[in-house]
Amino acid sequence: MNSKKLSQSWYDEYREFIQNTISEIISFAKQYDENIISTLKIKKKEILLKEGEFCRYFFFNRHGILRNFYLKDGKEIITHFTIPNDMTTIFRSILFNEPSREYIQAVTDCDIIAVSVDKFNQLKKNNRKLEKIEKNIFRGQSQDLGFGSVFGGQVLGQALSAAYQTVPADRRAHSLH
């Protein structure tokens, strides 16, 4: 009984996180550059991303159902379903700049918001609001998204940006906890 409530609570928090992320990206894009967002209408069974292609987008599902899958010995192995107000991408392809090992396909007709990862990262980099106060002390300015609180991704991004400014240029983050 408690695990069911915990599971529902976690799911509700996850959906809220995704919706806040979508709102942040759309708000940011409208403020600076709407070219990072594309609205797509995908037909049932249409392939959004094929194995071997490089994934360069975050896909936010407004309507319909998507699935991620890969082929193993000719059989489709489903790894994820994306329902409305959820997102999908192939993080490994984005993070390691390697071809996708998976497909993303529409199970039903879908309305998708596709956000260019490269354009979004460049836009964020060019519009960083991080002030260096003194050695190893920084102050970040967060964009007001109307939620009454600071979005965790903003704080995390500012922390990582500040960390990079305190180490030699050849040092790279390999994990974040």
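Here the structure is shown first, and the text comes after it.
Fair warning: this is a prediction, and the values are worked out from it, not measured in the lab.

Remarks on a nonpolar patch on the surface
Where nonpolar side chains cluster on the molecular surface, the patch consists of Ile-65, Ile-78 and Phe-81 and spans about 240 Å² of accessible area. Mapped onto the elements, Ile-78 comes out in strand β5 (residues 75–82).

Some words on the side chain of Gln-105
For Gln-105, the position within the fold is in strand β7 (residues 103–106). Among the residues examined, Gln-105 registers a relative accessible area of 12% and is labelled buried. There is a polar contact of 2.9 Å between the side chain of Gln-105 and the backbone oxygen of Lys-45. Polar contacts involving the side chain of Gln-105 include one to the side chain of Arg-67, which spans 2.6 Å.

A word on the pattern of salt bridges
Enumeration according to the criterion identifies five salt bridges in this entry. Note that Lys-41 and Asp-111 form a salt bridge whose closest N and O atoms lie 3.0 Å from each other. Residue Lys-41 is located in strand β1 (residues 37–42), and its partner Asp-111 is located in strand β8 (residues 110–116); the two are separated by 70 residues in the primary sequence. Overall, the relative accessible area of 65% leaves Lys-41 in the exposed class. Taking relative accessible area as the criterion, Asp-111 reaches 19% and is therefore assigned buried. Close ionic contact of Arg-101 with Glu-98 constitutes a salt bridge, the shortest N to O distance being 3.8 Å. Here Arg-101 falls in the exposed class, since its relative accessible area comes to 51%.

Reading the values: the criteria
Residues numbered from 1 in each chain as written. Predicted model: local features only at pLDDT ≥ 70, side-chain atom pairs only at ≥ 80, totals over all residues. Heavy atoms only, no water. Patch = residues over 30% accessible without salt bridge, like charges linked within 9 Å, V, L, I, M, F, W, Y side chains within 5 Å. Areas by Shrake-Rupley, 256 points an atom, 1.4 Å probe, with all protein chains shown as cover. Salt bridge = Lys/Arg side-chain N within 4 Å of Asp/Glu carboxyl O. Helix = DSSP H or I, 4+ residues; strand = E, 2+ residues; numbered from the N terminus. Buried < 20%, exposed > 50% of the residue type's maximum accessible area, 1.4 Å probe, protein only. Polar contact = N/O pair within 3.5 Å; in protein donor to acceptor, adjacent residues only side chain to side chain.

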